[in-house]
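Listed below, chain by chain, are the residues.
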There are 4 protein chains.
Amino acid sequence: MSGIDMATRPATPCAVDTFLAVRQATEHLARDLTPDDCMVQSMPDASPIKWHLAHTSWFFEQFVLGPAGVAPFDADYATLFNSYYVGAGPRHPRPQRGTLSRPPLDQVLAYRRHVTDAVLNELPRYDAHTLQLVRLGIEHEQQHQELILTDLKHHFFAQPLTPVYRPAPARTGQPPGAWRFIDVAGGLCEVGHAGGAFGFDNEFPRHRVWLEPYAIADRLVTETEYLAFVQDGAYEQPALWLSDGWAAREANGWQAPLYWRQDEGGDWHIFTLGGWRALQPDVPVCHVSHYEADAFARWAGARLPTEAEWEHAASALPAEHQGWHGALLEDESFHPAPVSGGAGLHQVLGNCWQWTASAYLPYPGYRVPDGTVGEYNGKFMSGQMVLKGASCATPRSHARLSYRNFFPPPARWQFTGIRLARDGHVRATA
Amino acid sequence: MSGIDMATRPATPCAVDTFLAVRQATEHLARDLTPDDCMVQSMPDASPIKWHLAHTSWFFEQFVLGPAGVAPFDADYATLFNSYYVGAGPRHPRPQRGTLSRPPLDQVLAYRRHVTDAVLNELPRYDAHTLQLVRLGIEHEQQHQELILTDLKHHFFAQPLTPVYRPAPARTGQPPGAWRFIDVAGGLCEVGHAGGAFGFDNEFPRHRVWLEPYAIADRLVTETEYLAFVQDGAYEQPALWLSDGWAAREANGWQAPLYWRQDEGGDWHIFTLGGWRALQPDVPVCHVSHYEADAFARWAGARLPTEAEWEHAASALPAEHQGWHGALLEDESFHPAPVSGGAGLHQVLGNCWQWTASAYLPYPGYRVPDGTVGEYNGKFMSGQMVLKGASCATPRSHARLSYRNFFPPPARWQFTGIRLARDGHVRATA
Amino acid sequence: MSGIDMATRPATPCAVDTFLAVRQATEHLARDLTPDDCMVQSMPDASPIKWHLAHTSWFFEQFVLGPAGVAPFDADYATLFNSYYVGAGPRHPRPQRGTLSRPPLDQVLAYRRHVTDAVLNELPRYDAHTLQLVRLGIEHEQQHQELILTDLKHHFFAQPLTPVYRPAPARTGQPPGAWRFIDVAGGLCEVGHAGGAFGFDNEFPRHRVWLEPYAIADRLVTETEYLAFVQDGAYEQPALWLSDGWAAREANGWQAPLYWRQDEGGDWHIFTLGGWRALQPDVPVCHVSHYEADAFARWAGARLPTEAEWEHAASALPAEHQGWHGALLEDESFHPAPVSGGAGLHQVLGNCWQWTASAYLPYPGYRVPDGTVGEYNGKFMSGQMVLKGASCATPRSHARLSYRNFFPPPARWQFTGIRLARDGHVRATA
Amino acid sequence: MSGIDMATRPATPCAVDTFLAVRQATEHLARDLTPDDCMVQSMPDASPIKWHLAHTSWFFEQFVLGPAGVAPFDADYATLFNSYYVGAGPRHPRPQRGTLSRPPLDQVLAYRRHVTDAVLNELPRYDAHTLQLVRLGIEHEQQHQELILTDLKHHFFAQPLTPVYRPAPARTGQPPGAWRFIDVAGGLCEVGHAGGAFGFDNEFPRHRVWLEPYAIADRLVTETEYLAFVQDGAYEQPALWLSDGWAAREANGWQAPLYWRQDEGGDWHIFTLGGWRALQPDVPVCHVSHYEADAFARWAGARLPTEAEWEHAASALPAEHQGWHGALLEDESFHPAPVSGGAGLHQVLGNCWQWTASAYLPYPGYRVPDGTVGEYNGKFMSGQMVLKGASCATPRSHARLSYRNFFPPPARWQFTGIRLARDGHVRATA
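Residues numbered from 1 in each chain as written. Chains lettered and ligands numbered in written order. Predicted model: local features only at pLDDT ≥ 70, side-chain atom pairs only at ≥ 80, totals over all residues. Heavy atoms only, no water.

Asker: Even after reading the chapter, I still don't get the overall build of chain A, so can you show me in this structure?
Answerer: Broken down by element type, chain A carries nine helices and twelve strands. Each principal axis of the C-alpha atoms in chain A carries an extent, and together these give about 60 × 55 × 40 Å. In chain A, once contacts between residues fewer than 6 apart in sequence are set aside, the share between residues at least 24 apart is 80%. Carbon and sulfur atoms form 54% of the exposed surface of chain A, whose accessible area is close to 15600 Å². Here chain A contributes 34 positively and 46 negatively charged side chains, and the mean placements of these two sets differ by 2 Å. (Helix = DSSP H or I, 4+ residues; strand = E, 2+ residues; numbered from the N terminus. Contact = heavy atoms within 4.5 Å. Areas by Shrake-Rupley, 256 points an atom, 1.4 Å probe, with all protein chains shown as cover. Lys, Arg positive; Asp, Glu negative; His and termini not counted. Charge placed at Lys NZ, Arg CZ, Asp CG, Glu CD.)

Asker: Please explain the interface of chain C and chain D as it appears in this structure.
Answerer: The interface is formed by 25 residues belonging to chain C together with 25 residues belonging to chain D. Taken together, the two surfaces of chain C and chain D that pack against each other cover about 2000 Å², and 60% of this comes from carbon and sulfur. The largest share of the area that chain C buries against chain D comes from Arg-208, Trp-210 and Ser-382 of chain C, three residues that together contribute 26% of it. For Arg-208 of chain C, the salt bridge identified is with Glu-212 of chain D, shortest N-O distance 3.5 Å. Summed over the shared surface of chain C and chain D, the number is four residue pairs in polar contact (both at pLDDT 80 or more). (Buried area = accessible area lost by both parts, 1.4 Å probe. Salt bridge = Lys/Arg side-chain N within 4 Å of Asp/Glu carboxyl O. Polar contact = N/O pair within 3.5 Å; in protein donor to acceptor, adjacent residues only side chain to side chain.)

Asker: I tried to follow the sheet that holds strand 6 (residues 268–272) of chain B on my own but got confused; where do I start?
Answerer: Strands pair in a sheet through their backbones, by hydrogen bonds, and they do so in one of two ways: parallel or antiparallel. Residues and elements named next belong to chain B. One open sheet holds the three strands; their spatial order is 5-6-7, and the pairing between them is antiparallel. Because the sheet does not close on itself, it has two edges, and the strands there are strand 5 (260–262) and strand 7 (275–278). Put simply, the sheet's adjacent strands are angled 35° from each other on average, direction ignored. Both strand 6 and strand 7 contribute to a ladder of four bridges, which runs antiparallel. Opposite His-269, over in strand 7, you have Ala-278 as the bridge partner. Where helix 5 (residues 128–158) meets the sheet, its contacts fall on strand 5, strand 6 and strand 7, and the angle it forms with strand 6 comes to roughly 130°. (Pairing = 2+ DSSP bridges. Axes fitted to C-alpha atoms, helices over the stretch in contact; angles between N-to-C directions.)

Asker: Looking at this model, I keep getting lost on the environment of Gly-389 of chain B. Mind explaining?
Answerer: Residue and element names in this part refer to chain B. Mapped onto the fold, Gly-389 is located in strand 9 (residues 385–389). Classification of Gly-389 as buried rests on a relative accessible area of 0%. Spatially, the C-alpha atom of Gly-389 lies 4.7 Å from that of Leu-349, the residues being 40 residues apart in sequence. In this view, Gly-389 contacts Trp-310, Val-348, Leu-349, Trp-353 and Arg-400; residues no more than four positions away in its chain are not counted. (Buried < 20%, exposed > 50% of the residue type's maximum accessible area, 1.4 Å probe, protein only.)

Asker: Even after reading the chapter, I still don't get the environment of Pro-160 of chain C, so can you show me in this structure?
Answerer: Tracing the chain through its elements places Pro-160 of chain C in the loop between helix 5 (128–158) and strand 1 (181–184). Assessed through its relative accessible area of 37%, Pro-160 of chain C is described here as partly exposed. The spatial distance from the C-alpha of Pro-160 of chain C to the C-alpha of Leu-147 of chain C is 21 Å, given a sequence separation of 13 residues. For Pro-160 of chain C, the residues in contact, after removing those within four places along its chain, are Leu-80, His-92 and Leu-100 of chain B.

Asker: Just to check I follow, could you spell out the arrangement of the chains for this structure?
Answerer: One finds no contact between chain A and chain C; the C-alpha atoms of the two approach each other to within 15 Å at their closest. Left apart from each other, chain B and chain D have a closest C-alpha approach of 15 Å.

Asker: Help me understand the relation of the copies chain C and chain B in this model?
Answerer: Both copies of the chain are related by a screw-like operation: a rotation about an axis and a shift along it. Here chain C sits on chain B after a turn of 180° about the axis and a move of 0.0 Å along it, with an RMSD of 0.0 Å. Here the copies are linked by what is in effect a two-fold axis. Comparing contact sets, 100% of the residues at the interface of chain C also lie at the interface in chain B, consistent with an isologous, same-surface contact. (Least-squares fit on C-alpha atoms with pLDDT ≥ 70 in both.)

Asker: Would you mind showing me how to read the relation of the copies chain C and chain D here?
Answerer: Each copy of the sequence occupies a distinct position, and chain C is placed on chain D by a rotation of 180° and an axial shift of 0.0 Å, giving an RMSD of 0.0 Å. Most of the interface of chain C is mirrored in chain D: 100% of its interface residues are interface residues there too.

Asker: So what exactly am I meant to see when it comes to the sheet that holds strand 5 (residues 260–262) of chain C here?
Answerer: All names here are of chain C. Reading across the sheet, the three strands line up as 5-6-7 and stay open at both edges, with antiparallel pairing between neighbours. Strands with a single pairing partner mark the edges of an open sheet, and in this sheet they are strand 5 and strand 7 (275–278). Taken pair by pair, the neighbouring strands of this sheet meet at an average axis angle of 35°, ignoring direction. Two elements, strand 5 and strand 6 (residues 268–272), share three bridges in a ladder whose sense is antiparallel. Within strand 6, the residue paired with Gln-262 across the bridge is Trp-268. Contacting strand 5, strand 6 and strand 7, helix 5 crosses the sheet at an angle of about 130° to strand 6.

Asker: Honestly, the side chain of Ser-42 of chain D in this entry has me stumped. Any pointers?
Answerer: One can find Ser-42 of chain D in the loop between helix 1 (16–29) and helix 2 (49–65). Polar side-chain contacts of Ser-42 of chain D include one of 2.6 Å to the side chain of His-154 of chain D.

Asker: Before we go on, may I ask you to explain helix 2 (residues 49–65) of chain B in this structure?
Answerer: Note on helix geometry: an α-helix contains 3.6 residues per turn, so any two residues three or four positions apart are oriented the same way. Spanning 17 residues, helix 2 of chain B covers 23 Å between terminal C-alpha atoms, matching the ideal 24 Å at 1.5 Å per step. Judged by how many residues are buried, helix 2 of chain B sits mostly within the fold: 16 of 17 residues are covered. (Expected span 1.5 Å × (residues − 1).)

Asker: Looking at this model, I keep getting lost on the environment of Pro-175 of chain C. Mind explaining?
Answerer: Residues and elements named next belong to chain C. Along the chain, Pro-175 turns up in the loop between helix 5 and strand 1. Pro-175 sits in the exposed class, given a relative accessible area of 59%. As for Pro-175 and Thr-222, which are separated by 47 residues in sequence, their C-alpha atoms are 9.1 Å apart.

Asker: Before we go on, may I ask you to explain the domain arrangement of chain A in this structure?
Answerer: By a widespread convention, an interface's size corresponds to the accessible area lost as its parts come together. All names here are of chain A. Here chain A is described as being made up of domain 1 (13–157) and domain 2 (181–423). Between domain 1 and domain 2, the C-alpha centre-to-centre distance is 27 Å. Taken residue by residue, the interface counts 31 residues in domain 1 and 33 residues in domain 2. Between domain 1 and domain 2 lies a buried interface of about 2800 Å² when both sides are counted; carbon and sulfur atoms form 65% of it. When the buried area of domain 1 at its contact with domain 2 is split by residue, Glu-146, Lys-153 and Phe-157 rank highest and sum to 28% of it. At the boundary of domain 1 and domain 2, one finds zero salt bridges. (Domains from an automatic or database assignment.)

Asker: Is there a simple way to think about the interface of chain C and chain B in this case?
Answerer: Counting residues at the interface gives 25 residues for chain C, matched by 25 residues for chain B. Overall, the association of chain C and chain B removes approximately 2000 Å² of surface from exposure, summing both partners, and the carbon and sulfur fraction of that is 61%. Inspection of the region where chain C meets chain B yields four salt bridges. Here Lys-50 of chain B ties to Asp-36 of chain C by a salt bridge, and the two come within 2.8 Å at their closest N and O atoms. Remark: the boundary between chain C and chain B carries 13 residue pairs in polar contact (both at pLDDT 80 or more). Counting residues per element, the side of chain C that touches chain B draws most heavily on helix 5 of chain C, which supplies three residues. Considered class by class, the residues forming the side of chain C that touches chain B number 13 nonpolar, seven polar and five charged. (Nonpolar A, V, L, I, M, F, W, Y, C, P; charged D, E, K, R; others polar.)

Asker: It is not clear to me how the nonpolar core should be interpreted in this structure. Could you clarify?
Answerer: One broad rule of soluble globular proteins: the nonpolar side chains tend to lie buried together. Of all hydrophobic cores here, the largest spans 235 residues; its most connected members are Tyr-226 and Ile-418 of chain A together with Tyr-226 and Ile-418 of chain B. Sequence-distant contacts of Ile-418 of chain A, that is, excluding residues within four places in its chain, are made with Leu-220, Val-221, Tyr-226, Val-285, Val-288, Ala-293, Phe-296 and Leu-304 of chain A. If you look at the next biggest cluster of nonpolar residues, it comprises 234 residues, including Leu-80 and Phe-296 of chain C together with Cys-392 and Tyr-403 of chain D. (Core = buried A, V, L, I, M, F, W, Y, C linked by side-chain atoms within 4.5 Å.)

Asker: I would appreciate a short explanation of the pattern of salt bridges in the present structure.
Answerer: Side chains that differ in charge, positive against negative, can pair when their charged atoms come close. In the structure shown here, the tally under the stated rule is 92 salt bridges over all chains. Between Glu-307 of chain C and Arg-404 of chain C there is a salt bridge, with the nearest N and O atoms lying 2.9 Å from each other. Residue Glu-307 of chain C is located in helix 9 (residues 307–316), and its partner Arg-404 of chain C is located in the loop between strand 9 (385–389) and strand 10 (405–407); the two are separated by 97 residues in the primary sequence. In this pair, the class of Glu-307 of chain C matches that of Arg-404 of chain C, namely buried. We note a salt bridge from Glu-223 of chain D to Arg-277 of chain D, for which the minimum N-O separation is 3.0 Å. Of this pair, Glu-223 of chain D sits in helix 6 (residues 223–231) while Arg-277 of chain D is found in strand 7 (residues 275–278), placing the two residues 54 residues apart along the sequence. Classification of Glu-223 of chain D by relative accessible area gives buried; the value is 1%.

Asker: Got a minute to help me understand helix 1 (residues 16–29) of chain B in this structure?
Answerer: End to end, helix 1 of chain B covers 20 Å across 14 residues, agreeing with the expected 20 Å (1.5 Å per residue, within 8%). Looking at the packing, one finds that the buried side of helix 1 of chain B touches helix 2, helix 4 (105–122) and helix 5 of chain B.

Dropping the structure here:
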């Protein structure tokens, strides 16, 4: 989903430790999965786990090892595990990744070891440009760590047996109070990556934007709050929906978020990577499409924030209020968590990706990086919406406020939730 | 495509003359068509001419005559000729408008006369609110005048006999010089409708926007210039295209703009409402999708302007340089025309709708009008791109700089063309 | 749907009167239709009435006038009005016949007059071979007379206003007694056209077939009898259906025959060319697919007859018992009629086409006629089922016992009904 | 594909040895496959190998162990591994069998052992009816042994790496002489299973059929002979094809049989379970659809035999001339073989399934078996064509002359080949 901006940033030193930790984290995610588990492609948008394991290695072969003259582990992999890089040659068609019985899983794991070792061997001697590409490969692999979790969740739910990935204890939460809107004055603001650390090309250049006064909710919408929307008949009221959203609802038979199921007694249950669970009053709703987020906001008399409003509000607040909850490699619950702590903007990073009202388009002055790596982000700037924040499946070191995630408005299999906003009034104290 | 902003604007006095002229102009467009011609729906996005004739009358029945207590001409028409207004009750499905053999054409013309007379009778006594709705109906009908021409063109082209609508004389143009980029300083600008005259809800509120320096082309891209892009193999180079654009190109087999055909000798011909014609060096290319416009811009080392850049540049220039060429009811050639006149921004209104780089989204502070009329524009703010200007098929009195037209990026059957832009450098003289 | 067997039959004298009567009968069917009515193609399998009017003239141009050197009325029509004859050159795609606004209806009627006159002029001088082709053209036109009625019925039903074609008086029938099975001994029988009169190629050659003893119902299944099947929940019981039939039922949402609708009070109504009507206890059910006919038979503890069983049983009985009820040009009710008269096999010709258990395949020794006319029947001998009899929409002079009509098993828009059969026991008296 | 006729046949003693040998043969086929290999469903018509391994065990649980009161190995498997038996309860949707990562392969192998042991334990004590069901389960499992090979072949071909299943030595054959037609007198013949041994319900009852004189080719059409048809441009000549066949050719882009590929030098290669091979002059062509077989026959001035013609001709000849070549568990080449031996009808069983001109319909007097097992064959008697013989992938003990295999006319992934026939003349010596 992204590509480094070569022109404007200095070489990022990339420690051996970081590289190795990220490679191992990927394998850790797959450690309990059988070869059977790693084969399934449950829809064209998702990929088999085996493919993710291989593709994240291909990326280093393509952009680091190949240019450095290292012979490929297997010449066929250039095609098998290329995702969408036209500049890198032919690609096995995406919807047919589930046919890749060969190479078998153990061979893919050998491929991973080969690539890890080959990079490690030379890493101390890489020049600044190559180190940038290694860093891009690390960030790329972290993106796929999140996709491994979301694609596996989709596959396990498509499975009649709906297996449990990581057992999680039951819990019963308490309803929080109503969400509060925090006023923001706006004006001539700056958004985008400030430089000095890694960022994808699409976060650049940092630039000015004019914002009218607005207000933004202090926390995410919860499962129980979303249930009220469902129970109010929102899925039967076209007036609440964008026209495309209403059509998507009808075409897909949506009655609730993805992974929700109603039992015969009328109770709703949610499928998680820890198994089936009851709805919680304090846990953020996730797996909603942009259309559902937008309709919920309309129903609630609010709207979604623009990406600039979100980033400006989040940046203005003290870091300790940003409410991180990112579980990867830490608690492995892989589900959003309730608000913890006091006042301020909560659940900014690490719970749910948050749909914005902004289409995914280039920033003013954006430049596509040269070469094949330029295909990382730029060519997808059409037909998608920006999501801000980071989810419970995002590696913690991968998240930052200037991050621009993007998905088409009907997508629901990511951990996507809702933060509300509304037009504001300039106040003396703002 | 739009709806009046009731809250913020004063009642617009609407002369009997204007109403009558617009109603007659619609009928004038259909004057030479047979009942057979008026039946065809050549694709789900287009409608039969007979349906347009009826729907523009339904609009007055629904929003003006009905609320005033006038009995409907035929109770079935409420469903048959409702387009997409859920608040107005059930709708005959759009893709099946071509099955509407009943009512026959002469009955629809009688319906038109009935509605025209009923409105005329009471027009002098309408209150301000009703007059606003009459004005909205007039603007709505003008939008359908354009659709009558574009839908008919699509149908005649789908016809094996490709009939001529209005015969046009042959011409041979001269190549213009290269396009020139006009520098614009940007800064904190204002865009949107300034009030005081009719505007659709989506043009409001007028608001501030920050623009970095940019440059905008003084004229539209021509047919011959676009041919160079085709002949350079652009339709075979994925690197020039957005990912969705490349997929659309492949799925639809695009090799050139809609209505272009290559003969066995390799020459290209263009189907127009005046019949088949040779490519012209000075006539703006039209009937390209947003994807093609975007790819052309990339190929030319430029980009598309944002809607704010377009409107700001056009607003800053003297009115006599805006290069109107709108043919409706005047010369009836219904095809873009070459640049006429001297320096400045040409072909601003009246040649082609001009794709922008902006997604069609609400302006900051936008409010959907209350009631069913609120469905006019707001619910379509998803998945579409803004087009600025007006085309050779747009009624002249319907065009203005704040107008926001919108279509999905693959749409090609409107008169859609290309104006280039690029990032600028602040200069002392800008 | 068929083609003459040139090799085996003598020239059929074809009177001027017959030719003229059939041409006029076609125009009579369209006499009250507007140009709008004649434009609609309500599904890809159906054609606009205007196309039928033109295509039946094209057939004479292609096979009679053209070979005789008569210049075409309009050179474009060769493509526009060719149906599926690859040997006759390119064809306008079938699913796009609804785009044929040009030529307009009056021009098509002029085309008809031109063809009628041109044939009439030369008819007295045609040789035997040409007379055979004229006769084929007449039979072909009679087939299209039936299609005009079935396609118009489909279009009028797809129309929200469901217009009436020929008003018909209301009636209330009396329930007949139960159907009776007539025993037939079978053995080595002969079926197929015996020669001496016109027949399509697919009815030849007459040949022997071995039949085990069987029994065949004396009349067709009625609307009320079929309602009992519906009310017994048959559309929810997969065990009653062929696997393909169950899938078709599901894919199409079938709950009853085509043209049946249940009102809010639970009563069923049937759309006919005479308008909406209540179900009748004595009127044959029609507009069922082969799958529904087969499922009904299974539910009733019976089966469908094979085509040979049907033809052998019908041929063995006195002509006066064959129960003709063909309405075309006579009473114009265009709906099946109750049994009239006494014992014997009723409703053989002129009510409903009767689905058989036989796939449409070539008879032993069948030969495709030489030349383009050979495409009439032979290439369709795959994936379709044979129907015997003739319907209320079949011209009387067009019906005969050896006729082999054929449609794919899901087709429902023809007048297709059900006659039951079952395996028999050899009895001394049979 | 079939079900036992309970009513008419005596109990078949079923030896422990046979049961065990067939169970082991299935596992033998999968012995070298990885869990990854066993997961893939390369198209909706094919199934993963793991599913075949489980479903053949489910069959014994459903029809033998369950009725005998043996507890299920896992209650979920009743749904997961039911194919199409509505009477046996819900079914996991066929097109989603590729999502069945759980149970993993080793668990399915444990399931197999459990079922094998449970049946073996009780087999000596089963009554005649249960023994019939065991026998049906054995024949059912043999059908799936063939499907394991054909589905795996399809999957390996869909794989970019096109792996080899069982390496086979290269060979170069010699062109045989032209095929010879053997005259058969016909008359009143008998076909169908004669009883006394196992047969599926669809082979019963044996019955009389009248055959006109015909001739049948002494061997199958070879790869080189089929290449001549390809090179003659047959895939571009609609006149050679059934209408549905031409449409299927176009929709699927067929240019040659499935598994044929042309290299850049113009040479054709064939993918087999032994890897890629050159075309052979003496090896029967296979993997053609019914449409291609029919078109080839028309091109060759012949036709396909009816199923009765095929069976009558094969039955009349001495058993030693029936030319068995069935490789399963013997040489494991799994590809058709050349003619071996002298005069007579060759390649009757064990090379290719042979498309006939007969639709798959019930024999006169056919009765569906009672109960859920009745779904085995009867409900598929629609829209399919009969194939006679047996292929190189058919277990030898599973083949017989009365066997009726059936597939839809476009199916190509089975080992389906061509034997020609033509109408005959009664000769004194016949």
